[in-house]
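# Structural features, examined
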Amino acid sequence: YDKEYQHILENELKDKTLVEGLSKEKYAHAVWTVKKIHEFGGYAVLAHPYWVAGQKFHLNRPVYDQLLNDGLYDAVELLGDVTPEDNLLSIAKYFEEVAKGWLTKSLRKIPIISNSDTHRSHEHTYGRYWTLVFAEKLKQEEIFDAIFDLKSVACEHHPGENLRIYGPFDLVEYAFFLHREFFPLHDKICAKEGELYMHSLNGEEPDHRELERLKVELDELYEKTWGK
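Residues numbered from 1 in each chain as written. Predicted model: local features only at pLDDT ≥ 70, side-chain atom pairs only at ≥ 80, totals over all residues. Heavy atoms only, no water.

What follows is about helix α2 (residues 24-39). Between its first and last C-alpha atoms α2 spans 22 Å; for 16 residues at 1.5 Å apiece the expected length is 22 Å, and the two agree. For α2, the set of buried residues is Tyr 27, Ala 28, Ala 30, Val 31, Trp 32, Val 34 and Lys 36. (Helix = DSSP H or I, 4+ residues; strand = E, 2+ residues; numbered from the N terminus. Expected span 1.5 Å × (residues − 1). Buried < 20%, exposed > 50% of the residue type's maximum accessible area, 1.4 Å probe, protein only.)

A few words now on a nonpolar patch on the surface. Judged by side-chain polarity, Tyr 174, Phe 177, Tyr 222 and Trp 226 come together as a nonpolar surface patch covering roughly 390 Å² of accessible area. With respect to the secondary-structure elements, Phe 177 resides in helix α6 (residues 169-181). On the accessibility criterion, Phe 177 (37% relative accessible area) is partly exposed. (Patch = residues over 30% accessible without salt bridge, like charges linked within 9 Å, V, L, I, M, F, W, Y side chains within 5 Å. Areas by Shrake-Rupley, 256 points an atom, 1.4 Å probe, with all protein chains shown as cover. Salt bridge = Lys/Arg side-chain N within 4 Å of Asp/Glu carboxyl O.)

Considered as a void within the structure, the largest pocket measures approximately 1000 Å³ in volume. What lines the largest pocket is a set of 26 residues, among which Leu 132, Val 133, Ala 135, Phe 183 and Tyr 222 lie closest to the centre. Put simply, the parts of the chain that give the lining of the largest pocket at least two residues each are β6 (129-133), α5 (140-148), α6, α7 (183-201) and α8 (208-226). Its residues placed into classes, the lining of the largest pocket shows 15 nonpolar, four polar and seven charged. Space inside the second largest pocket adds up to approximately 390 Å³. Every residue lining the second largest pocket is counted, 16 residues in all, and those nearest its centre are Ala 30, Leu 46, Leu 59, Val 63 and Leu 67. Elements that contribute at least two residues to the lining of the second largest pocket include exactly α2, β1 (45-46) and α3 (61-70). The element best represented in the lining of the second largest pocket is α2, accounting for six residues. (1 Å grid on protein atoms, 1.4 Å probe; cavity = no way out; pocket = protein on both sides within 12 Å on 5 of 7 lines; lining within 4 Å. Points joined across faces, edges and corners; volume = space filled by probe spheres on them. Nonpolar A, V, L, I, M, F, W, Y, C, P; charged D, E, K, R; others polar.)

Relative to the assigned elements, Ile 165 resides in strand β8 (residues 164-166). Here the alpha-carbon distance between Ile 165 and Ala 99, two residues 66 residues apart in the chain, equals 18 Å. Sequence-distant contacts of Ile 165, that is, excluding residues within four places in its chain, are made with Val 153, Ala 154, Cys 155, Val 172, Ala 175, Phe 176 and His 179. (Contact = heavy atoms within 4.5 Å.)

Take it as geometry only, folks, not as evidence of what the structure does.
Printed below as a string of structure tokens:
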């Protein structure tokens, strides 16, 4: 680590101008981390960038600004299990960075995701934050490609509150349509499937005929909505 860190410091960052308040020594750690994630085939996602932990930012603010300037990330977690203020700061920063791209007529590519960061199935934020990805196929590679191609939106829905969606305008508008017209039907079918599979996990014999009927019903819904 020390050897690779020193190489980044003395070569890649030697003549680089950084944002105010950020030392090359501090930023070199972040650069090394992103490189190592990519080396092992992972994706570098900037998680809850404005989370305040122990009365200080979990991710150093100048580091985040510099990572955004350099595009040294694969995606940004726009929403997560943090306070509303932390998430709103994240959203405000996202739109500010996108606006910079409009003003300079240069694409500032910021793929976004949303994540409930759930550690248990109850008394937490399970189901309150999620990412809606507009991928052509339900395959891992295509899902990631769609996110990196800016075809995803960040969603949040808390008990007693309205659904909120953030991202590119056209996708946000389409996402609201889907949540109004498509997902209630989709989720109703999937909930029935889930109940049947829970019976199976409890040692009961699943109703295979009903499961097959629900599968056909779901396929027909997809075909009716988008065609083959």
